[in-house]
Amino acid sequence: MADSKSVKNTIYFWLLWIIITIAGFYLLYDYVIKNTGFMPAQPIQFSHKVHSGDFGMKCLSCHTSAENSAYSEIPTTYSCMVCHIALKNTSDLIKPLNESFDSLKPIIWNRVYRVPDFAKFNHKVHINSLIDCSTCHGEVEKMEKVYQFRPITMSWCIDCHRYPEKYAIPARDISGIFSADINLDSLNLYKKKYYSIINPPYGMWLSDVYESEYLKNIVYPRVYSRGNENCSVCHH
Amino acid sequence: MIRTIFKWFLMVLSSLLLIVAILLHFGVIKFYREFQPFEIIADMDNQIKSLPQKESNFFVDSASFRNPVENTIPKIGSKYHLIDLEYEEAENENKNPLEPTEKVLARGKNRFETFCVPCHNHDGKGNGVIITKVKLKEGEEGFPAPANLTREFTRTISDARIFHILSAGQNLMFPVNYKLNETDRWALVHYIRKLQKDSNIKK
């Protein structure tokens, strides 16, 4: 016959252990996998708050290739020198820029956001669908030093693809996203290809969200092969 | 005795962990750090392949991508071959393929707002943020005043000449052809013309 006190004690201990393991694993997950708040040191003390917040420069004026390629570039020395060839050129903060401009050696910035190599992310598609940069990157125009704002995990991607009305932010003015159709007919430089597949590939999953009122501003992928839960959309 | 101390220790630890985890989850507190965390299984995260703007150990200049051979013709658009002082040749060669439709003007406005506004301002009169808002410390040079796009000289010159300035640069202005393709530059020309008309009306 067990003593009632000792039974209480063992239950109590078990509870504590369970709480410790669960909370500990959550903290580990937050640190290792979510990795939000990662703020690497940069070779130049560049402030997005001054350039974008105070002066109102658009995101796409430096990260131009986000509009027409999968990869959003880290701007070259040349694109900094458009202004800093004269503006504050003698300042100490601009010194590494000048050196790199004269010696033709690129400045090596440290990467903040990193999609794992087995997955791919296409900036062009998201920006042409009028999804704002701040959906993933946060309000960079208020950050002195850029840090990772959202976890780049599979659950983050899929949550947003399933319920975009919860997470996706329509294009704001500061990002400089072109809201009309990008096809300029006379030259036909940009041609969009549409695929019609009668039987959608495996992993397809269409939700009721497509008819949501919130999404009227966003051109949502309605084409079958670009469905939101097709494995090969993100994986090779 | 040891049992009670151990009990208290567990209690404090669990409550601390729980509170921190809850606060972190709801974003009340945030930890910033400069170093990247260890990776549990890093084999597939870091594959041996070259990615855009990634350093490579294979080539001498440590760039992972090779430049195209000389005289390569780009798939989209064409490389601008004139330098900034050859504007007379440019006037003969360049012809605007676009017409100022609504779509083209919208594209031109978007491009103007992103690339030109910091210097030339929203109305094109040349008193942008670069002059008005930049605070200079002692011994630092400012940017000389950008050109007024609505002045008479800019009105009289041809579309081809403006396109030439955009793609080859002029004085301190760097060429923008490395950021904007041909269509965008021609759309910009149309938008600049529209700005000039608008400034007429206000007078």
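Up top is the structure.
In short, a report on the structure. Since the structure is predicted, the reported quantities are computational estimates derived from the model, not experimental observations.

1. Points about the overall build of chain A
Here is step 1 of the chain: When helices and strands are tallied, chain A shows 10 helices and 0 strands.
Here is step 2 of the chain: Its helices and strands in sequence order give chain A the pattern α-α-α-α-α-α-α-α-α-α, from N to C terminus.
Here is step 3 of the chain: By the burial criterion, 38% of the 236 residues in chain A qualify as buried.
Here is step 4 of the chain: Pairs at least 24 residues apart make up 72% of the contacts formed inside chain A by residues separated by at least 6 positions.
Here is step 5 of the chain: By element, 61% of the accessible surface of chain A is carried by carbon and sulfur atoms, the whole surface being about 14,000 Å².

2. A look at the overall build of chain B
Here is step 1 of the chain: If you tally the helices and strands in chain B, you get 7 helices and 0 strands.
Here is step 2 of the chain: The N-to-C order of helical and strand elements in chain B reads α-α-α-α-α-α-α.
Here is step 3 of the chain: Within chain B, the proportion of its 203 residues that are buried is 36%.
Here is step 4 of the chain: Pairs at least 24 apart in sequence give 56% of the contacts found in chain B among residues at least 6 apart.

3. Overview of the interface of chain A and chain B
Here is step 1 of the chain: Listed per partner, the contact involves 67 residues of chain A and 68 residues of chain B.
Here is step 2 of the chain: A buried area of about 6,300 Å², summed over both sides, lies between chain A and chain B, and 63% of it is on carbon and sulfur atoms.
Here is step 3 of the chain: At the junction of chain A with chain B, the criterion picks out 3 salt bridges.
Here is step 4 of the chain: Across the pair Arg107 of chain B and Glu67 of chain A runs a salt bridge, and its minimum N-O distance is 3.2 Å.
Here is step 5 of the chain: Taken together, the connections running from chain A to chain B amount to 21 residue pairs in polar contact (both at pLDDT 80 or more).

4. Focus on the layout of surface pockets
Here is step 1 of the chain: Put simply, the second largest pocket is a space of about 500 Å³.
Here is step 2 of the chain: Along the walls of the second largest pocket sit 23 residues, with Asp30, Lys34, Thr36 and Pro151 of chain A together with His25 of chain B positioned nearest its centre.
Here is step 3 of the chain: At the level of secondary structure, the elements contributing two or more residues to the lining of the second largest pocket comprise α1 (4-34) and α8 (154-162) of chain A together with α1 (2-25) of chain B.
Here is step 4 of the chain: Top contributing element to the lining of the second largest pocket by residue count: α1 of chain A, with 5 residues.
Here is step 5 of the chain: Looking at the lining of the second largest pocket, its residues break down into 11 nonpolar, 6 polar and 6 charged.
Here is step 6 of the chain: Summarising the domain contributions, the lining of the second largest pocket has at least three residues from each of domain 1 (1-34) and domain 2 (48-74 + 109-192) of chain A.

5. Things to note about the side chain of Ser175 of chain A
All names here are of chain A.
Here is step 1 of the chain: As for its position among the elements, Ser175 is in the loop between α9 (164-167) and α10 (231-234).
Here is step 2 of the chain: Reaching out from Ser175, the side chain makes a polar contact with the backbone oxygen of Arg172 at a distance of 3.0 Å.
Here is step 3 of the chain: Each residue touching Ser175, except ones within four places of it in the same chain, is listed here: Lys58, Cys59, Leu60, Asp132 and Cys133.

6. Concerning the pattern of salt bridges
Side chains bearing opposite charge may pair, as long as their charged atoms lie close to each other.
Here is step 1 of the chain: Tallied over the entire structure, the rule returns 11 salt bridges over all chains.
Here is step 2 of the chain: Residues Arg172 of chain A and Asp132 of chain A are paired through a salt bridge, measuring 3.0 Å at the closest nitrogen-oxygen approach. Of this pair, Arg172 of chain A sits in the loop between α9 and α10 while Asp132 of chain A sits in the loop between α6 (123-128) and α7 (134-137); the two residues are 40 residues apart in sequence, bridging distant segments of the chain.
Here is step 3 of the chain: In this structure, Arg193 of chain B and Asp159 of chain B form a salt bridge, with 2.8 Å as the shortest nitrogen-oxygen distance. Taken together, the residues Arg193 of chain B in helix α7 (residues 182-202) and Asp159 of chain B in helix α6 (residues 159-168) connect sequence positions 34 residues apart.
Here is step 4 of the chain: Take Arg193 of chain B: its relative accessible area is 18%, and that puts it in the buried class.
Here is step 5 of the chain: With relative accessibility at 23%, the residue Asp159 of chain B sits in the partly exposed group.
Here is step 6 of the chain: Among the ionic contacts, a cluster of salt bridges with common partners joins Asp132, Glu139, Glu141, Lys142 and Arg172 of chain A.

7. Here's the deal with a negative patch on the surface
All names here are of chain B.
Here is step 1 of the chain: A cluster of acidic residues, Glu88, Glu89, Glu91 and Glu93, forms a negative patch at the surface.
Here is step 2 of the chain: Mapped onto the elements, Glu93 comes out in helix α2 (residues 87-93).
Here is step 3 of the chain: What makes Glu93 partly exposed here is its relative accessible area of 43%.

8. Concerning the packing of aromatic side chains
Here is step 1 of the chain: For the structure on display, the rule yields 10 aromatic pairs over all chains.
Here is step 2 of the chain: With 6.4 Å between their ring centres and 50° between their planes, Trp17 of chain A and Phe6 of chain B make a pair best called tilted. Here Trp17 of chain A is found in helix α1, whereas its partner Phe6 of chain B is found in helix α1 on a different chain.
Here is step 3 of the chain: You can call Trp17 of chain A partly exposed: its relative accessible area is 40%.
Here is step 4 of the chain: Phe6 of chain B sits in the partly exposed class, given a relative accessible area of 36%.
Here is step 5 of the chain: Centroid distance Tyr147 of chain A to Tyr32 of chain B: 4.8 Å. Interplanar angle 65°. Geometry classified as edge-to-face. One end of the pair, Tyr147 of chain A, is in the loop between α7 and α8; the other, Tyr32 of chain B, is in the loop between α1 and α2, on a second chain.

Scoring rules and cut-offs
Residues numbered from 1 in each chain as written. Chains lettered and ligands numbered in written order. Predicted model: local features only at pLDDT ≥ 70, side-chain atom pairs only at ≥ 80, totals over all residues. Heavy atoms only, no water. Helix = DSSP H or I, 4+ residues; strand = E, 2+ residues; numbered from the N terminus. Buried < 20%, exposed > 50% of the residue type's maximum accessible area, 1.4 Å probe, protein only. Contact = heavy atoms within 4.5 Å. Areas by Shrake-Rupley, 256 points an atom, 1.4 Å probe, with all protein chains shown as cover. Buried area = accessible area lost by both parts, 1.4 Å probe. Salt bridge = Lys/Arg side-chain N within 4 Å of Asp/Glu carboxyl O. Polar contact = N/O pair within 3.5 Å; in protein donor to acceptor, adjacent residues only side chain to side chain. 1 Å grid on protein atoms, 1.4 Å probe; cavity = no way out; pocket = protein on both sides within 12 Å on 5 of 7 lines; lining within 4 Å. Points joined across faces, edges and corners; volume = space filled by probe spheres on them. Nonpolar A, V, L, I, M, F, W, Y, C, P; charged D, E, K, R; others polar. Domains from an automatic or database assignment. Patch = residues over 30% accessible without salt bridge, like charges linked within 9 Å, V, L, I, M, F, W, Y side chains within 5 Å. Lys, Arg positive; Asp, Glu negative; His and termini not counted. Charge placed at Lys NZ, Arg CZ, Asp CG, Glu CD. Phe/Tyr/Trp six-rings, centres within 6.5 Å; stacked < 30°, edge-to-face > 60°.

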